Amino acid sequence: MVALEHIGALLAHYLKGTPMDVAPVTAFQSGTNQWQRLQSWPAAPATAKLYLKPGMRAGFEPATGAAATADYVSDPAHPVTFVPRPIQPVGYADDHWVAWLTTDQRHAASRPDVLTFTSDVLTTPVTIAGQPVVHLNASTSGTDSDWVVKLIDVYPDQVPIDRAMGGYQFAVGMDIFRGRYREGLDQARPVAANVPLGYNFALPPANHIFLPGHRIMVQIQSSWFPLYDRNPQTFVPNIFFAKPADYVAATQKVTVAGPDESFIELPIVN
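Note that the structure is a prediction, hence the values are computed from the model and not measured.

## Thoughts on the pattern of salt bridges
Thought 1: A complete count under the given rule lists seven salt bridges for this structure.
Thought 2: The salt bridge involving arginine 111 is made with aspartate 113; its shortest N-O contact spans 2.8 Å.
Thought 3: The exposure class assigned to arginine 111 is partly exposed, which follows from its relative accessible area of 22%.
Thought 4: On the accessibility criterion, aspartate 113 (9% relative accessible area) is buried.
Thought 5: As a salt-bridge pair, glutamate 183 and arginine 189 come within 3.8 Å of each other at their nearest N and O atoms.
Thought 6: What makes glutamate 183 exposed here is its relative accessible area of 55%.
Thought 7: Here the salt bridges share partners, and the residues they tie into one network are Asp146, Arg178 and Asp229.

## Description of the packing of aromatic side chains
Thought 1: Evaluated as defined, the whole model comprises eight aromatic pairs.
Thought 2: Seen in terms of ring centroids, tryptophan 100 and tryptophan 224 are 5.8 Å apart; in terms of plane orientation they differ by 80°. Their pairing is edge-to-face. Of the two residues, tryptophan 100 is situated in the loop between β5 (68-74) and α2 (106-109) and tryptophan 224 in the loop between β13 (215-221) and β14 (250-257); the sequence distance between them amounts to 124 residues. For the pair tryptophan 100 and tryptophan 224, one class covers both residues: buried.
Thought 3: Geometrically, the ring pair formed by phenylalanine 177 and tyrosine 199 is edge-to-face, given 6.1 Å between the ring centres and 65° between the ring planes. Of this pair, phenylalanine 177 sits in strand β10 (residues 169-178) while tyrosine 199 is found in strand β11 (residues 197-202), placing the two residues 22 residues apart along the sequence. Grouping residues by exposure puts phenylalanine 177 and tyrosine 199 together as buried.
Thought 4: Feature note: the residues Phe82, Trp100, Trp224 and Tyr228 constitute an aromatic cluster, connected by ring pairs.
Thought 5: Cation over ring: lysine 49 sits above phenylalanine 263, and NZ or CZ is 4.8 Å from the ring centre.
Thought 6: A cation sits over an aromatic face here: arginine 230 above tyrosine 247, 4.7 Å from the ring centre.

Conventions adopted
Residues numbered from 1 in each chain as written. Predicted model: local features only at pLDDT ≥ 70, side-chain atom pairs only at ≥ 80, totals over all residues. Heavy atoms only, no water. Salt bridge = Lys/Arg side-chain N within 4 Å of Asp/Glu carboxyl O. Buried < 20%, exposed > 50% of the residue type's maximum accessible area, 1.4 Å probe, protein only. Phe/Tyr/Trp six-rings, centres within 6.5 Å; stacked < 30°, edge-to-face > 60°. Helix = DSSP H or I, 4+ residues; strand = E, 2+ residues; numbered from the N terminus. Lys NZ or Arg CZ within 6 Å of the ring centre and 35° of its normal.

By themselves, these observations are geometric and do not establish any function.
Structure, rendered in structure tokens:
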């Protein structure tokens, strides 16, 4: 995204000969909704670990106790949509495609086929500047699976200056990983059924501040329709040629305690 000050500076420089006063990096910070003038970006590598814990909790300390999982059933016949239903075709007045990346995620959080992990209310700001990295340990009863991970800023239940933002679940970063490419993007391979496996992938870069009074949320699901085609959850060489019988419900288990506990590395700026 190009800041308006850059456009004005460029026009003044090339049309009037005015020297440019432009920072090496101009970045928009969501959370404060302000433009920043920076010497470089990203400001931090992904180092702090946000753990997914039993009881659908999230926090910066690992869980204690024995290994545990959080489970859900993913059914391709009832996929999780990327925006609330009804989904209108492109071109409608309420076209969700225009700003779907900032859509309130409460429509997904209430579903039984979406795992929703939430931190305690923050007492100090948490600032990230860089690329979050997912370290997911999970199993599926199928032989293929999609893993959608969302990093979300949950607003307080009441926001006096903007009532519409009360309880809003603002997506900071979201992405999908198709299990068949766990061993490499060069060739699709089946996933071993009911075997916990590691899935490591990066979310899109983010420049965001989680403010005090907010909470950090992570949602995990196995469909994101129709943004991504449905995974039949039975391995087939080409999903586009999957037959109706290939589409099966699968039990998904995410490790939330023990040595293989799932977490997201966050590029936190102190």
